[in-house]
Every structure is written in C-alpha cells, then in structure tokens.
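# Architecture at a glance
The chain contents come next:
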Amino acid sequence: EPEVTQTPSHQVTQMGQEVILRCVPISNHLYFYWYRQILGQKVEFLVSFYNNEISEKSEIFDDQFSVERPDGSNFTLKIRSTKLEDSAMYFCASSELGIAGQGSYEQYFGPGTRLTVT
Amino acid sequence: AQSVTQLDSHVSVSEGTPVLLRCNYSSSYSPSLFWYVQHPNKGLQLLLKYTSAATLVKGINGFEAEFKKSETSFHLTKPSAHMSDAAEYFCVVSDRRGFQKLVFGTGTRLLVSP
C-alpha cells in the first residue's frame, strides 16, 4: 500500500541553524501539507501546497518557514533559523485531491520527524 | 471558523467492554469529520470519515461513528475494546468548500486494561 515517507525520523539542531525536513508524498497525490505537534499539545496546521504554490498557511508559518517541491517526488519544509519553540513533531501529509466531490481528499500522514532544537 | 472539542482527555476501559470517545464540532459550513488514531511513536492513521453520505460511518478495526447534526456531535464507538486499541484518538474537522486544512481536537488517550 502506498504511504507517505519522511526523513529523517529525528533531527537535532542548535538554535539559529537551518533545517530541512523531507517528505515523499504518495505518488499520484496533488495536495501536500505540513502539520506540527508540540509535545503534549494538539496537531496544528502549518501550510498546504498545490500546483507549486502555497494555497493556505497558518499564523505559525511565518517568514522563517518555507516549502518547496524541488522535483517530482519530494516535498520539503525549511526552517531558516530555528528557535527553541520550533521543537516538535512535524508531520507531512498528502491527498489525491482537495475539493469535495472530485475524488478522494483524505489526507494520508507520514510517520513524522521529531525536531529537537537545543 | 471550525473547531472540535474532545470532551475527555483520558478514557479507561477494560478489554472486551464498549468504547465511547466523545467529540463535538463547530463549523460554519457543512463539515467533513474524521477520526485519526496515533499509536505511540507512530504517525496518524485515518480510522474513518464522514462526508455527507450516511450518518453512521464504519471504519477500520471495528470502530464506527455517528454524525448528529442536531447535537453537533461525532462520537466514536466500538462494541468491544482490544488491548491493541490503546492509543491517542483525534477528532478532526475540515471545511468541505475547498482546500482541506484539517483542524484537530486536543485528543483522547484511550487506556485498555486486561
């Protein structure tokens, strides 16, 4: 069964460093998402991406964050200068379509990357 | 704006007894509703979804949920709990008008004792 994969599973970085989290969505999916879950808190939406551009972003997704689909398979989240409060589990998700009535729009999640900022 | 409220942060049951995890939603539009499960150190797995078809939705592993518009509820049930059901369960709402930003509840941790 196709699945979303994420690398690395755990990333440790120092405050102020740049990190890139990588995701490989399911191959025929067109919509991509990043969510995060700070320890003990609920899962929060960060950004959605379609047709090589951001379709929606949350207040959390400030100028320190960026997303990119550098090739036909990868989807990345970059944090330019990490802060302690960026420590969280980051989930990538993908869906076949995003508009109701036009195919499946269920979001399939990857296993997550645990980011620890020290 | 959409939101979900999961009424219990923890639910404890004995193996073989019924499970009820409660969820109430708020949405300005016709919502899609989901239940996701997260086992320890694992990702989020979709259990079931409601998308305006049948109000009683069956999912994987014997779980089901009923959409009740009058009560704005989408409670998750299972007739008989297994030890393997112990996990965190998230009620999730999205706006079916367009791009599918998911809004998660705070989660309910299900504990199953022998």
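Structural notes, computed from the coordinates.

Calculation rules
Residues numbered from 1 in each chain as written. Chains lettered and ligands numbered in written order. Predicted model: local features only at pLDDT ≥ 70, side-chain atom pairs only at ≥ 80, totals over all residues. Heavy atoms only, no water. Helix = DSSP H or I, 4+ residues; strand = E, 2+ residues; numbered from the N terminus. Rg over C-alpha atoms; globule rule 2.2 N^0.38 Å. Buried < 20%, exposed > 50% of the residue type's maximum accessible area, 1.4 Å probe, protein only. Contact = heavy atoms within 4.5 Å. Areas by Shrake-Rupley, 256 points an atom, 1.4 Å probe, with all protein chains shown as cover. Lys, Arg positive; Asp, Glu negative; His and termini not counted. Charge placed at Lys NZ, Arg CZ, Asp CG, Glu CD. Buried area = accessible area lost by both parts, 1.4 Å probe. Salt bridge = Lys/Arg side-chain N within 4 Å of Asp/Glu carboxyl O. Polar contact = N/O pair within 3.5 Å; in protein donor to acceptor, adjacent residues only side chain to side chain.

## Focus on the overall build of chain A
Scanning chain A for helices and strands turns up zero helices and eleven strands. Secondary structure elements in chain A, listed N-terminal to C-terminal, are β-β-β-β-β-β-β-β-β-β-β. Against the globule reference of 13 Å for 118 residues, chain A gives a C-alpha radius of gyration of 14 Å, in line with a compact fold. Burial analysis of chain A (118 residues in total) assigns 45% to the buried set. Taking as baseline every contact in chain A between residues at least 6 positions apart, the subset at least 24 positions apart corresponds to 56%. If you sum the accessible surface of chain A, you get close to 5900 Å²; carbon and sulfur atoms cover 45% of it. Here chain A contributes 9 positively and 15 negatively charged side chains, and the mean placements of these two sets differ by 6 Å.

## Structural notes on the interface of chain B and chain A
Opposite the 21 residues of chain B that make contact, chain A presents 20 residues. Summing both sides of the interface, chain B and chain A together bury roughly 1800 Å²; the carbon and sulfur share of this comes to 61%. Here chain B and chain A share two salt bridges between them. Between Lys101 of chain B and Glu56 of chain A there is a salt bridge whose closest N-O contact spans 3.7 Å. Our count for the chain B to chain A interface comes out at four residue pairs in polar contact (both at pLDDT 80 or more). Residue assignment for the side of chain B that touches chain A shows that the elements contributing at least two residues are strand S5 (31-38), strand S6 (44-50) and strand S11 (102-104) of chain B. Take the side of chain B that touches chain A: its biggest share by element is four residues, from S5 of chain B.

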